[in-house]
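# Notes for the structure review
Residues per chain, in single letters:
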Amino acid sequence: MARQIDYYFSLQSPWAYIGHRLFRDIAASHGATVNLKPVMLVDLFAETGGLPLARRHPARQRYRIVELKRWRDKRGLDFHVQPNNWPFNARLADGVVVAAQQAGLDPEPYLQRAFPAIWEQQLNLADAEVIAGLADAAGLPGRDLVTQAATDMVGAAYEQNRQDAIAADVFGSPAYVLDGEIFWGQDRLELLADALKSGRSAYTSET
């Protein structure tokens, strides 16, 4: 039976973007099933004691820029660390992922375009037309998915992802949950790969 990985993320998150391709490669190489669970980061931060970027100490904000540059080079990417249209309200862009899932469609081609659209092309993913265009380019019915993404049904599923995240002790993006063990941050992907390869039991906080 394929192992399951719950993948909590938002298109708002640069770290989810940085790790997305490697994560999907790791999951595929181990035959793991990925459960996409986009989540509203502002709400998740508020409930778990995190702070939005603008409210963090300047030293933390400066260090974040350095880390983005390090990981940009490490992962072989080329992107803007402060893109023109970031931060943005990711509710609609994330909602397209949920809407695609509910329609029985694979959101992955959309994600492969949406992440670089923000960080490389500096597009505005709060704009419904931009989002629809990206979905169309991915071979998905963009306008239909954007319309569905704005519905209460998708909003309820998005909220359920947040509740699932809280229940799983997830507090940021990206978080990869394997057998109840949380791997927070794309810099933990190698540890996730080790866990999948070894088949070991999940680590817990219990002593």
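Please refer to the structure higher up on the page.
Residues numbered from 1 in each chain as written. Predicted model: local features only at pLDDT ≥ 70, side-chain atom pairs only at ≥ 80, totals over all residues. Heavy atoms only, no water.

## Digging into the layout of surface pockets
As a reminder, the rule being used: Using a grid of 1 Å spacing that covers the protein atoms alone, one calls a set of points a cavity when a 1.4 Å probe fits there but cannot get out, and a pocket when the set is open and has protein on both sides within 12 Å along at least five of seven lines; lining residues are those with an atom within 4 Å of a point. Grid points are joined across faces, edges and corners, and a volume is the space filled by probe spheres set on the points. Charged means Asp, Glu, Lys or Arg here, nonpolar means Ala, Val, Leu, Ile, Met, Phe, Trp, Tyr, Cys or Pro, and polar covers whatever is left, Gly included. Note on conventions: DSSP H or I runs of at least 4 residues are helices, E runs of at least 2 residues are strands, and numbering of each starts at the N terminus.
As a volume, the largest pocket reaches approximately 1,200 Å³. In terms of lining residues, the largest pocket is bounded by 41 residues, among which W15, F45, L53, R56 and R64 are the most central. Of the residues contributing to the lining of the largest pocket, the split by class is 22 nonpolar, 12 polar and 7 charged. Approximately 290 Å³ is the volume found for the second largest pocket. Surrounding the second largest pocket, 15 residues form its lining, Y17, H20, R21, L22 and L77 being those nearest its centre. Per element, the largest residue contribution to the lining of the second largest pocket is 7 residues, and it comes from helix α1 (residues 14-29). Looking at the lining of the second largest pocket residue by residue, the classes come out as 7 nonpolar, 2 polar and 6 charged.

## Thoughts on the environment of I131
Note on placement: I131 falls in helix α6 (residues 128-137). Along the primary structure I131 and A114 are separated by 17 residues, whereas in three dimensions their C-alpha atoms are 7.7 Å apart.

## Quick word on the packing of α1 against helix α9 (residues 189-198)
How two helices sit against one another is set out by the angle between their axes and by the gap between those axes. Quick reminder of the rule: Note on definitions: angles span 0 to 180 degrees between N-to-C directions of axes, and those axes are lines fitted to C-alpha atoms, for helices only across the stretch in contact. Under this scheme an angle from 65 to 115 degrees is roughly perpendicular, one under 35 degrees roughly parallel, and one over 145 degrees roughly antiparallel; angles in between are oblique. Working rule for contacts: check all heavy atoms of both residues, and any pair within 4.5 Å makes them a contact.
Running from amino to carboxyl end, α1 crosses α9 at an angle of 5°, the nearest separation of the two axes being 10 Å. Taken together, the axes of α1 and α9 are roughly parallel relative to one another. Taking contact as the criterion, the partners of G19, L22, F23 and I26 in α1 are, on α9, L189, E190, L192, A193 and L196.

## Considerations on the sheet that holds strand β4 (residues 181-184)
Condition: At least two DSSP bridges between two strands are required for those strands to pair.
Read from one edge of the open sheet, 4 strands run β2-β1-β3-β4, paired in mixed fashion. Across the chains shown, the open sheet's two edge strands, defined by having one partner strand only, are β2 (33-38) and β4. On average, each strand axis in the sheet is inclined to that of its neighbour by 20°, with strand direction left out of account. Where strand β1 (residues 4-9) lies against strand β3 (residues 175-178), 4 bridges are found, and the strand directions are antiparallel. Looking across to β3, one finds that Y7 is bridged to Y176. Strands in contact with helix α4 (residues 91-102) are β1 and β2; relative to β2, the strand with the most contacts, it is inclined by about 130°. Here helix α8 (residues 152-167) sits on the sheet in contact with β1 and β2, set at roughly 110° to β2.

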